[in-house]
Structures are given as C-alpha cells and as structure tokens.
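Results of the structural survey
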Amino acid sequence: MKSQTFYDLSLPNLAIKANMLPPEAQKKMQCWIRSRHLICSGHFFVFETVDYSAIERFSECVGALGGTIISVDPSNKIWMGDHRQVILYQARASLHTPCHNLKQYWIKYGGFRSRFDEQA
C-alpha cells in the first residue's frame, strides 16, 4: 500500500533569522548560480532543488542579504533513475538591495535555464 506524505510549505517556517554574514551568503548564492540551481527571472531570483533543506539554507542567505522569500512551491516531480520520483521545489526571492552584485554575477556566469529544465 502506498503512503502519502504531506509537505508543509507555508512561509512562516522559512522565517529564519539571518545568522550568517552577507559575504558568506553571497558566496553560497554564487555557487548556486554556477551550478544552475539559481537563475534570475526579471527582478526575482528563482531557486530550484529537490532537497528541502537547501530551500531553508537559501532562505537564510536571502535574509542575510536583506531580501525576502516570496513563495515556495512544489513545481514538479522528476525522475531520479528508473524507479524513483522526487519532488522539485521552486523558491522565489526578491533582492532589492543596492549593496549586492548577484545580478551582474548571474549575467556573467549564470544561464536562463535551471539544471532541472527539460532539454527541448
């Protein structure tokens, strides 16, 4: 018998105090840009991952840089191997602070598609 798991995706769980310094947060976000987990879409940063704890780390980074998490949604189920499906989470964040240069970093090293986008 298959069991169903309920995922609580409410935003109050992501109201985490920023307990990291902005240089460390910017370094982590740059790593996610290079690995194509984090893309820029308009004025928002979109983070995609299959690991929900990575969403929590992303929210800490955004908080340390003075931004806010707008939404966290399970966007899709993707196949890992032949027999296992996992949930793909998508988090949107807004970073409207003048002190960060992540947008320019994304222009130089990032892409328009995340690593989970289908190759059409």
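Residues numbered from 1 in each chain as written. Predicted model: local features only at pLDDT ≥ 70, side-chain atom pairs only at ≥ 80, totals over all residues. Heavy atoms only, no water.

Going by the annotation in an unreviewed UniProt entry, the name recorded for the chain is Phycoerythrin-associated linker protein, CpeR, with Nostoc commune NIES-4072 given as the source organism.

Once that is clear, we can look at the overall build of the chain. The helix and strand tally for the chain stands at 3 helices and 4 strands. In the chain, the succession of α and β elements from N to C terminus is α-β-β-α-β-β-α. Pairs at least 24 apart in sequence give 69% of the contacts found in the chain among residues at least 6 apart. (Helix = DSSP H or I, 4+ residues; strand = E, 2+ residues; numbered from the N terminus. Contact = heavy atoms within 4.5 Å.)

This part takes up unusual backbone geometry. The backbone of Arg36 sits at a positive phi, close to 65 degrees, despite the residue not being glycine. Judged by its relative accessible area of 36%, Arg36 falls in the partly exposed class. (Buried < 20%, exposed > 50% of the residue type's maximum accessible area, 1.4 Å probe, protein only.)

On to the packing of aromatic side chains, then. Throughout the structure, instances matching the rule amount to 6 aromatic pairs. Between the aromatic rings of Trp106 and Phe112, the centroid separation amounts to 5.3 Å while the plane-to-plane angle is 90 degrees, which identifies the pairing as edge-to-face. Judged by its relative accessible area of 72%, Phe112 is exposed. Each residue in the set Trp32, Phe47 and Phe58 is aromatic and connected to the rest through ring pairs, giving one cluster. (Phe/Tyr/Trp six-rings, centres within 6.5 Å; stacked < 30°, edge-to-face > 60°.)

What follows covers the pattern of salt bridges. Under the counting rule described, the total for this entry stands at 1 salt bridge. Ionic pairing is found between Arg57 and Asp51, a salt bridge with its closest N-O pair at 3.8 Å. By relative accessible area, which is 35% here, Asp51 ends up partly exposed. (Salt bridge = Lys/Arg side-chain N within 4 Å of Asp/Glu carboxyl O.)

Turning next to the sheet that holds strand β3 (residues 68-80). In a beta sheet, neighbouring strands pair by backbone hydrogen bonds and run either parallel or antiparallel. The antiparallel open sheet is built from 4 strands, whose spatial order is β1-β2-β4-β3. Because the sheet does not close on itself, it has two edges, and the strands there are β1 (38-41) and β3. Across this sheet, the average inter-strand angle for adjacent strands is 25 degrees, counted without regard to direction. As paired elements, β3 and strand β4 (residues 84-94) share 11 bridges and run antiparallel to each other. Bridge pairing links Ile69 to Ala93 in β4. Relative to β4, helix α2 (residues 52-64) is tilted by about 10 degrees, and along the sheet it contacts β1, β2 (44-49), β3 and β4. Of the strands in this sheet, β1 and β2 are in contact with helix α3 (residues 102-109), which crosses β1 at around 105 degrees. (Pairing = 2+ DSSP bridges. Axes fitted to C-alpha atoms, helices over the stretch in contact; angles between N-to-C directions.)

This brings us to α3. Of the residues making up α3, those classed as buried are Leu102, Tyr105 and Trp106. Looking down the long axis of α3, one finds its buried residues gathered within 100 degrees of arc, a one-sided arrangement. Exposed and oriented more than 90 degrees from the buried face of α3 are Gln104, Ile107 and Lys108. Buried residues in α3 make contact with α1 (22-34), β1 and β2. (Arc of directions from axis to C-beta.)

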